[in-house]
Amino acid sequence: MPTALPPRSAVDPALTWDLTAIFATETDFESAIKQLQALTTDFIRIYSGRLTEAPVIDDALDDYATLQVLADHISAYAFLPQSADTTDPKANARLHRVESLLAQNDAQLQFFTTELQGQPETVLKAAADTEDHAAFIRHILLEKHHALPLAAEQVLAELDPALNAPDAMRSQAIFGDMDFGSFEVDGETYPLSFVLYEEEYQKHPNTKVRRAAYHQFCATLARYQNTMAAGYYAQVAKEKTLATMRGFDSVFDYLLAPQEVTREMFDRQIDGLMNGLAPIMRRYVTLIKQLWGLDHIGYTDLQIDLDPTYTPTISLAEAPAAIAKAIAPMGQAYQDRIMQAFPERWVDFAANQGKESGAFAASVYGVHPYVEMSWADTLPALYTLVHELGHTGQMTLAGEQHSILASGQSTYISEAPSTFHELLLTHSLLSEHQEPRLQRYALSRLLSDTYFHNCVTHLLEAAFQREVYTLIDAGESFDAAKLNAIKKGVLHQFWGNAVDLDDGMPELTWMRQSHYYMGLYSYTYSASMVISTAAYLRLAKDGDAAIADWQRFLALGDTKAPLEAAQVAGVDISTDAPLKQMINFLDDTERQIEALTTQING
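If you're wondering where the values come from, they're calculated on a predicted model, not measured in any experiment. (Residues numbered from 1 in each chain as written. Predicted model: local features only at pLDDT ≥ 70, side-chain atom pairs only at ≥ 80, totals over all residues. Heavy atoms only, no water.)

Asker: Give me a negative patch on the surface: which residues, what numbers.
Answerer: A surface patch of like charges, here negative, comprises Asp59, Asp62, Asp63 and Asp129. Following the sequence through the fold, Asp62 ends up in helix 2 (residues 54-84). (Patch = residues over 30% accessible without salt bridge, like charges linked within 9 Å, V, L, I, M, F, W, Y side chains within 5 Å. Areas by Shrake-Rupley, 256 points an atom, 1.4 Å probe, with all protein chains shown as cover. Salt bridge = Lys/Arg side-chain N within 4 Å of Asp/Glu carboxyl O. Lys, Arg positive; Asp, Glu negative; His and termini not counted. Charge placed at Lys NZ, Arg CZ, Asp CG, Glu CD. Helix = DSSP H or I, 4+ residues; strand = E, 2+ residues; numbered from the N terminus.)

Structure representation (structure tokens):
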């Protein structure tokens, strides 16, 4: 039975990340802040009013990159400890201080992009003399027609912490304030928290425990729904205001512009999966219902193991060997790169009070990436780990090839490296084990972990967001009741009658994810999955050539827009062909699961 989570102070340090790679001491951290402030003052003195010639712009870009690296380190050193324990007053105070300092610093540096945007295109293109400079200048040119006067840009930069307050308040409400209490099943009391439900109970093998936890979980969320809806409205209203200020016709256009993709690509992704994937997933959850002998499939039953009597476990000590085996097709050099994460403590595995749920990877340029997750001795935890380590592979490869100005990726393709890793893990499990039950288990993990997470959970978030932003574009508002109605409508459109959406309050799912505070990010999980699936399917046909192309894709950073970057990996996303290929792959996977079930049952 899950136990109440310990405070951060009680967890084994070996299960936590080592942040001394960023700054060895607090003194080093404070020195970096002073250095950033001094270099910013020098940068303004040297370059303000002088960005009119390509050679000067070239020098400025290199110096600007130095400032960005310092700011990146300072930000990570404040953000990472706070995300690991949102109840720590010291960590919260440091984060707030750093956010304010960096916002002020960004406001001072705003002249740089404003002056560049004011230069003729010929001058800017002449300054794009390296891949990294060209990537930065590409964005300057894209933003040129939507830039505001310098004074307005400076105000917005300085207001950034306040403008991002809705997300911070959501995190504090969920991880700092919400008391989920406990629940009772058959005379036994079970502790409950947000993280315990997300990580333990929603896949619990005991149906009575799983459903009781879900009802208690929903009841707690429901008490906060009006406050959370008000915060979410503040977020989307802010985005609509900024879109209007910058001259965009729609909030969609404003949010998609940094991703360098079109509204047609956004809609194609959502509509393609809502129509094409839904029938496959309905078949799959109906099979779960039959195998478990359930009276119905509720929302909390969607990701349980297909075979309740066959659930392989894996310990944290066994995880490195499993990861190494899975990524072996990428070659020894890549494998060595990823495996550094374990001895160098890139990953925070501990489950403790106040820790954010879910998982993420954070790039710290010039150091190494960091990963946050809460480990459990389950195969899904291994999938989470291999997913996040996929991000670290891209981050380190691109970071070695490019300056900080061009080491990131468009969010449209940022989940491709991570999901490719998940496909490699499934391939490894299938190749190593021929026993039908394990084969079926591995394929079911593909559907209920890899693709469910990326192409169902986040896809339904995206479909919900589309409805919300359509309201905002039309000048309308919403409250908790309206959000609940929108969410339930989206869920019903996808699941039809296959899932009992009246069991609990699945419509409150909009309260559970931070993605709603990250613009149009949710849909990019499935968009990235289209690319990683196509690249993975190339392996059977092209072998080493496909791997070589994929590693070139990983190392691109931001030097190419998504359409061009995907082409480097051998994937053409200018049409819906790869999306249809992915849906067909999932259809085949589900039918293999059904065939194995028939075989297992004799």
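Asker: Explain the pairing of strand 1 (residues 182-185) to me, using residue names and the numbers behind them.
Answerer: Here strand 1 shows a buried face lined by Phe183 and Val185 and an unburied face lined by Ser182 and Glu184. The antiparallel hairpin formed by strand 1 and strand 2 (residues 188-191) contains two residues in its connecting segment, where Asp186 sits at a positive phi of about 50 degrees. (Buried < 20%, exposed > 50% of the residue type's maximum accessible area, 1.4 Å probe, protein only. Pairing = 2+ DSSP bridges.)

Asker: I'd like to hear about the side chain of Gln202, residue by residue, with values.
Answerer: For Gln202, the position within the fold is in the loop between helix 9 (194-199) and helix 10 (207-223). Judged by relative accessible area, Gln202 falls into the buried class, the value being 14%. A polar contact of 3.3 Å, which involves the side chain of Gln202, links it to the side chain of Arg512. Those residues in contact with Gln202 that lie beyond four places of it in its chain are Tyr197, Arg210, Thr300, Gln303, Ile304 and Arg512. (Polar contact = N/O pair within 3.5 Å; in protein donor to acceptor, adjacent residues only side chain to side chain. Contact = heavy atoms within 4.5 Å.)

Asker: Give me the lowdown on the side chain of Ser444, citing residues and values where you can.
Answerer: With respect to the helices and strands, the residue Ser444 is situated in helix 19 (residues 436-473). By relative accessible area, Ser444 is classed as buried at 1%. When neighbours within four sequence positions are excluded, Ser444 is seen to be in contact with Tyr284, Leu306, Asp449 and Ile593.

Asker: Outline the sheet that holds strand 3 (residues 347-348), listing residues and values.
Answerer: In sheet architecture, strand pairing relies on hydrogen bonds along the backbone and comes in two forms, parallel and antiparallel. Pairing is mixed in the open sheet, where three strands are placed in the order 3-5-4. Two strands bound the open sheet, and with one partner strand each, they are strand 3 and strand 4 (360-362). Where strand 4 lies against strand 5 (residues 370-372), three bridges are found, and the strand directions are antiparallel. Residue pairing for strand 5: Phe360 is matched across the bridge by Glu372.

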